[in-house]
Amino acid sequence: MSLRPHGVQYDTGQMIQARNITFRYPASSFRLAIDELAVAPAEKLAIVGPSGSGKTTLLNLMAGILIPDHGEISIAGTPASSLNDRDRRNLRASKIGMVFQQFELLDYLTVIENIRLPFRINPSTQDPQHKNENDSANELLESVGLASFANRYPAQLSRGEQQRVAICRALITQPQLILADEPTGNLDPGNKRNIMELLFRETESRNQTLIVVTHDQSLLNDFDRVIDFETFLQTDQPAQSKSRSS
Amino acid sequence: MKGILFLAWRYVCFHKTKTLILIACIFLTAILPIAIRVLLSRFENSLVQRADATPAMIGAKGSSLDLTLHGLYFDRPPTQTLPYAEVKRIRATGLADPVPVYSAFQAASFPIVGTSLNYFDQRHLRIQTGQSLTTLGDCVVGIEVANSLQLKPGDSLLSDRENILDIAGKYPLKMNVAGILQTTGTPDDKAVFVDLKTAWVIDGYGHGHQELQNETDEAKVISRDNNQVVASAAVLPYTEITEQNIDSFHFHGSDDDFPVSAILAFTDSEKDNTILEGQYGGSDSDLQFVRPSLVVRELISVMFRIKRFFDANATLIGVSTLLLLILVMLLSAKLRTSEMETLFKIGCGRGTVIWLQAAELMIVVAVAGCLIATAAWAVNFYADDLLRWWI
């Protein structure tokens with residue numbers, strides 16, 4: 001699988017780079033248009049905005065799940081739009097870790113099996129450190145304080161614990177980019193803080209880029225940059241993004 | 001593929017109830033027609049083999065099916081019997097080896113079959129333990145009778161009383177078990193064989209009692225002249241034939257008139273068989289000639305006409321089960337949309353997601369298939385036992 005395009009020059013210094021992209025769902029009046037968006041490596045970016053403003057759509061474009069109708073979006077220096085389905089899938093499996101609001105753990109797998117799931121469903125995904133997959137998963141579980149929960153099923157865990165397992169699943173392939181869609185949306189305030197601290201700690205320790213879609217204003221202070229999606233789309237981009245110096 | 005199979009296996013293991021219900025649906029739908037097919041095929045073979053080994057059968061006029069089933073399987077006797085003289089007549093023609101069968105009584109619910117020693121030769125019956133019939137009152141039992149009643153040579157076996165309320169009825173006879181037959185897998189395993197004369201004794205045509213010529217007890221003798229003593233009811237007949245009393249056993253009348261329920265005629269050629277058949281062709285004859293193989297094949301054709309109805313029924317049930325399975329899979333796919341979407345988002349191909357569900361179905365079908373194969377093998381292996389127990 002070649003993740004690097006031939007004959008197309010991108011700013012390889014950016015983790016995400018989008019130029020002049022538009023996207024419209026079939027049979028929908030909603031249209032997402034972004035002139036330019038760049039996310040630097042290891043940047044911690046929050047995307048906020050009202051429901052229906054297109055935050056999750058942008059996240060899916062960044063993940064290569066959706067393809068823009070026009071324009072180009074590159075992920076880790078690879079133009080996602082020009083890749084075929086398989087290469088986009090492999091790019092997603094190897095370079096991107098995803099965390100969801102509903103955790104989306106498979107109820108019929110144990111905690112450790114859920115964490116190792118990316119290795120099972122995509123043969124191109126391999127442990128970068130060439131360790132035993134169980135070792136990597138156990139290390140992650142230990143780092144999130146769930147070492148003794150390895151053989152439990154998701155239904156036996158609290159919501160906060162389930163989200164921690166979901167984060168481990170996103171981290172197991174050591175991706176360069178973590179995309180989290182409302183990761184604290186289903187958690188109580190105490191767990192929200194813990195999960196965000198965990199995400200920051202783990203991504204910082206691995207020098208990973210973190211992009212989080214959230215509604216929760218109380219979580220924004222720790223991010224390097226916050227994009228208010230409503231104003232971002234209504235005004236010239238990217239000037240309206242609220243930046244926070246790191 | 002390994003990962004997909006792992007996930008599919010974990011899914012079916014986790015959802016045990018759903019999986020077991022699906023497996024049971026497939027298993028029950030498939031095993032019934034398979035078992036019926038195996039059993040019918042074996043039953044057909046067994047029927048045809050025994051019928052083909054009996055070229056002809058002669059009995060009183062009536063249902064040819066009843067006569068055939070009685071002669072081959074010792075089923076309930078025909079309402080009419082035929083005289084033993086017919087056996088002698090057939091033997092005199094030299095067209096066949098006539099083997100009489102008289103089966104009107106039971107012992108411990110097993111049929112008592114009065115016959116001649118020729119029967120054992122014609123049916124290739126071999127003694128497993130003990131010896132063959134040698135004396136009046138002896139019996140040779142099939143292996144299932146021996147196992148069921150735990151009999152061994154030297155034991156005795158009492159014939160069943162016809163009607164327990166009929167105190168003036170025929171006395172049961174205590175028979176001596178002379179031998180036990182080898183397993184044959186035929187109705188012979190479930191029969192008690194006695195000499196024809198012993199069967200007539202049970203039926204009251206012959207009996208033994210104490211010597212009355214010198215009897216002084218007037219209560220036992222009604223009248224007496226030079227040649228004949230008329231005994232009263234106070235003289236009890238013997239209910240067991242022993243070395244001491246065997247000489248007192250005698251038959252009243254000519255054995256030509258004694259009954260047999262069927263004659264198995266073992267002819268050497270089709271020509272002899274046809275000639276013999278011609279002797280019973282007249283409308284004034286009280287007897288009938290049947291070819292068991294024809295009667296049995298007619299019975300089988302009726303059986304298979306009924307089986308076609310079951311086959312159609314099984315096909316409909318199979319189609320219903322298939323549709324039900326498709327419905328379950330579609331509903332399951334709908335319920336698992338979110339799960340499949342997650343798998344896609346984290347790097348699983350759309351095709352792989354479909355393969356995952358196909359693999360789950362394949363596991364269920366494979367397990368059901370293994371169970372069906374095992375059950376079919378068991379039915380095939382135990383078919384003879386099942387048929388013996390069932391029929």
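For every chain, the first residue of the written sequence is number 1, and numbering continues from 1 along that sequence. Written order decides the labels, with chains lettered from A and ligands numbered from 1. Side-chain atom pairs in this predicted model are given and counted only at pLDDT of 80 or more, local residue features only at pLDDT of at least 70, and totals for whole chains, interfaces and linings cover all residues. As a convention, hydrogens and water are excluded, and side-chain values are obtained from all of the structure's heavy atoms.

**Student:** I'd like to hear about the overall build of chain A, residue by residue, with values.
**Tutor:** Counting from the N terminus, the helices are DSSP H or I runs at least four residues long and the strands are E runs at least two residues long. The helix and strand tally for chain A stands at eight helices and 10 strands. Expressed as a percentage of the 246 residues in chain A, the buried residues total 55%. Two residues qualify as a contact provided that any one of their heavy atoms is within 4.5 Å of a heavy atom in the partner residue. Counted over contacts in chain A with a minimum sequence separation of 6, partners at least 24 positions apart contribute 70%. When the accessible surface of chain A is split by element, carbon and sulfur atoms take 42% of a total near 10600 Å². To sort residues, take the accessible area from a 1.4 Å probe on protein chains only and compare it with the maximum for the residue type: under 20% means buried, over 50% means exposed, and anything in between is partly exposed. Only the protein chains shown count as cover for residues, with accessible areas throughout obtained via the Shrake-Rupley method and a probe of 1.4 Å.

**Student:** An account of the overall build of chain B is needed here, citing residue identities and associated values.
**Tutor:** Of regular secondary structure, chain B possesses 12 helices and 16 strands. A total of 391 residues make up chain B; the buried ones form 44% of that total. Excluding contacts between residues fewer than 6 apart, the proportion of contacts in chain B whose partners are at least 24 apart in sequence is 74%.

**Student:** Quick rundown of the sheet that holds strand β5 (residues 78-79) of chain A? Include the residues and the values.
**Tutor:** Residues and elements named next belong to chain A. Strand order in the open sheet formed by four strands is β2-β1-β4-β5, and the pairing between neighbours is antiparallel. What marks the edges here is a single partner per strand, and that holds for β2 (31-39) and β5. For every element, the axis is a line fit to its C-alpha atoms; helices are fit only across the contacting stretch, and the angle between N-to-C directions ranges from 0 to 180 degrees. Sheet contacts for helix α1 (residues 55-62): β1 (16-24), β2 and β4 (70-75); angle to β2, the most-contacted strand, approximately 55 degrees. The rule for pairing is simple: two strands pair if DSSP sees at least two bridges between them.

**Student:** So what about helix α7 (residues 189-205) of chain A? Which residues, and what values?
**Tutor:** All names here are of chain A. Between its terminal C-alpha atoms α7 stretches 24 Å, which fits the 24 Å expected from 17 residues at 1.5 Å a residue. Among the residues of α7, Asn191, Ile195, Met196, Leu198, Leu199, Phe200, Glu202 and Thr203 are the ones counted as buried. Of the residues one or two after α7, Asn207 is the one with positive phi, at around 60 degrees. In a helix, the anticipated span is given by 1.5 Å times the number of residues less one.

**Student:** How would you summarise the interface of chain A and chain B if you had to cite specific residues and measurements?
**Tutor:** Contacts between the two partners involve 20 residues from chain A and, on the opposite side, 19 residues from chain B. The buried area of a pairing is the accessible area, by a 1.4 Å probe, that goes missing from both parts when the two are put together, added over both. For the pair chain A and chain B, the summed buried surface comes to about 2000 Å²; carbon and sulfur atoms form 65% of the total. Broken down residue by residue, the surface that chain A buries against chain B is led by Tyr108, Arg120 and Ile121 of chain A, which jointly contribute 37%. Between Lys or Arg on one side and Asp or Glu on the other, a salt bridge is scored when a side-chain nitrogen of the former is within 4 Å of a carboxyl oxygen of the latter. Joining chain A to chain B, the criterion identifies one salt bridge. Residues adjacent in sequence count toward polar contacts only when both atoms are side-chain atoms; beyond that, a polar contact is any pair of N or O atoms within 3.5 Å, and within protein one must be able to donate a hydrogen and the other to accept it. On the surface where chain A and chain B come into contact, there are seven residue pairs in polar contact (both at pLDDT 80 or more). Those elements that place two or more of their residues in the side of chain A that touches chain B are α2 (85-95) and α4 (117-121) of chain A. Per-class residue counts for the side of chain A that touches chain B are 10 nonpolar, three polar and seven charged. Amino acid classes used here: Ala, Val, Leu, Ile, Met, Phe, Trp, Tyr, Cys and Pro are nonpolar; Asp, Glu, Lys and Arg are charged; the rest, including Gly, are polar.

**Student:** Please provide a residue-by-residue account of a nonpolar patch on the surface, values included.
**Tutor:** Each patch groups residues whose relative accessible area exceeds 30% and which form no salt bridge, using 9 Å between like charges and 5 Å between nonpolar side chains of Val, Leu, Ile, Met, Phe, Trp and Tyr. On the surface, Val319, Leu322, Leu323, Ile326 and Leu330 of chain B cluster together into a nonpolar patch covering about 480 Å² of accessible area. On the secondary structure map, Leu330 of chain B appears in helix α9 (residues 292-335).

**Student:** Please provide a residue-by-residue account of the packing of aromatic side chains, values included.
**Tutor:** Pairs were defined over the aromatic rings of Phe, Tyr and Trp, the Trp ring being its six-membered one, requiring ring centres within 6.5 Å. Orientation was assigned from the angle between planes: stacked under 30 degrees, edge-to-face over 60, tilted for the rest. Enumeration over the complete set of coordinates arrives at 18 aromatic pairs over all chains. Plain terms: the ring middles of Trp200 of chain B and Phe258 of chain B are 5.0 Å apart, the flat faces sit at 65 degrees to each other, and that makes the pair edge-to-face. Taken together, the positions of Trp200 of chain B in helix α7 (residues 196-202) and Phe258 of chain B in the loop between β13 (250-251) and β14 (259-260) put the pair 58 residues apart, joining distant regions of the chain. For Trp200 of chain B, a relative accessible area of 2% corresponds to the buried category. Pairing Phe251 of chain B with Phe258 of chain B gives two aromatic rings, centres 5.8 Å apart and planes at 45 degrees, and the pair type is tilted. Assessed through its relative accessible area of 27%, Phe251 of chain B is described here as partly exposed. Each residue in the set Tyr84, Trp200, Tyr205, Phe251 and Phe258 of chain B is aromatic and connected to the rest through ring pairs, giving one cluster. Put simply, a charge is over a ring when the Lys NZ or the Arg CZ is close to the ring centre, within 6 Å, and near the line of the ring normal, within 35 degrees. A cation over a ring is seen here: Arg120 of chain A above Phe6 of chain B, with NZ or CZ 3.6 Å from the ring centre.

**Student:** Could you give an account of the pairing of strand β15 (residues 262-267) of chain B, naming the residues involved and the relevant values?
**Tutor:** Consecutive residues of a regular strand have side chains that alternate between opposite faces of the sheet. Residue and element names in this part refer to chain B. Burial within β15 is extensive, with six of its six residues counted as buried. Looking at chain direction, strand β1 (residues 56-60) and β15 are connected through three bridges and run antiparallel. Note on β15: the bridge partner recorded for Met57 is Leu264. Across six bridges, strand β3 (residues 96-107) lies against β15 in antiparallel orientation. By the bridge assignment for β15, Pro98 is matched with Ala265.

**Student:** Help me get a handle on the packing of helix α2 (residues 16-52) of chain B against α9 of chain B, residues and values and all.
**Tutor:** All names here are of chain B. As a packed pair, α2 and α9 sit with axes 10 Å apart at the nearest point and diverge in direction by 170 degrees. Considered as vectors, α2 and α9 are oriented roughly antiparallel to each other. Of the residues belonging to the contact of α2 with α9, the class tally is 19 nonpolar, five polar and seven charged. Angles below 35 degrees are treated as roughly parallel, those above 145 as roughly antiparallel, those between 65 and 115 as roughly perpendicular, and all remaining angles as oblique.

**Student:** Give a detailed account of the confidence of the model for chain B, specifying residues and quantitative values.
**Tutor:** Per-residue pLDDT for chain B has a mean of 87; in total, 92% of the residues score no lower than 70. Across chain B, the secondary-structure element scoring lowest on mean pLDDT is strand β12 (residues 229-231) of chain B, at 69, and the one scoring highest is strand β9 (residues 192-195) of chain B, at 95. Confidence scores per residue from the predictor, reported as pLDDT, run from 0 to 100.

**Student:** Can you explain unusual backbone geometry? Please cite residues and give values.
**Tutor:** All names here are of chain A. One non-glycine residue, Ala27, adopts positive backbone phi at about 55 degrees. As for its position among the elements, Ala27 is in the loop between β1 and β2. Classification of Ala27 by relative accessible area gives exposed; the value is 93%. Phi angles above zero are rare outside glycine, and Gln174 is one such case at about 50 degrees. Judged by relative accessible area, Gln174 falls into the partly exposed class, the value being 34%.

**Student:** Any details on the nonpolar core? Residues and values, ideally.
**Tutor:** Judged by nonpolar contacts, the single largest core of 62 residues is most densely connected at Ile16, Met62, Leu179 and Ile211 of chain A together with Leu343 of chain B. Those residues in contact with Ile16 of chain A, other than ones at most four positions away along the chain, are Leu37, Ala38, Val39, Met62, Ile73, Ser74, Ile75, Leu177 and Ile211 of chain A. Nonpolar cores were defined as sets of buried Ala, Val, Leu, Ile, Met, Phe, Trp, Tyr and Cys residues, with membership established by side-chain atoms within 4.5 Å. In this structure, Val87, Ile90, Ile143 and Val145 of chain B belong to the second largest nonpolar core, which totals 42 residues.

**Student:** Residues and numbers for the environment of His250 of chain B, please.
**Tutor:** All names here are of chain B. Mapped onto the fold, His250 is located in strand β13. Its relative accessible area of 26% is what places His250 among the partly exposed residues. Between the C-alpha atoms of His250 and Gly206, which are 44 residues apart in sequence, the distance is 5.4 Å.

**Student:** Tell me about the packing of helix α10 (residues 337-345) of chain B against helix α11 (residues 350-381) of chain B, and please be specific about residues and values.
**Tutor:** All names here are of chain B. Across the interface, α10 lies against α11 with an axial gap of 9 Å and an inter-helix angle of 135 degrees. Classified by the angle their axes make, α10 and α11 are oblique. Our pair here, α10 against α11, has a crossing hand that is right-handed. Counted together, Met340, Glu341, Leu343 and Phe344 of α10 and Arg350, Val353, Leu356 and Gln357 of α11 form the full contact between these two elements. Its residues assigned to classes, the contact of α10 with α11 comprises five nonpolar, one polar and two charged. Crossing handedness follows the turn of the near helix against the far one: under a right angle anticlockwise gives a left-handed crossing, and clockwise gives a right-handed one.

**Student:** Can you explain the pattern of salt bridges? Please cite residues and give values.
**Tutor:** Residue and element names in this part refer to chain A. Within the structure shown, the criterion is met by 19 salt bridges over all chains. We note a salt bridge from Lys192 to Asp216, for which the minimum N-O separation is 3.3 Å. With Lys192 in helix α7 and Asp216 in the loop between β8 (209-213) and β9 (225-228), this residue pair connects regions lying 24 residues apart in the sequence. Accessibility expressed as a relative area gives 16% for Asp216, which makes it buried. Linked by salt bridges that have partners in common, Arg201, Glu202 and Arg206 make up one network.

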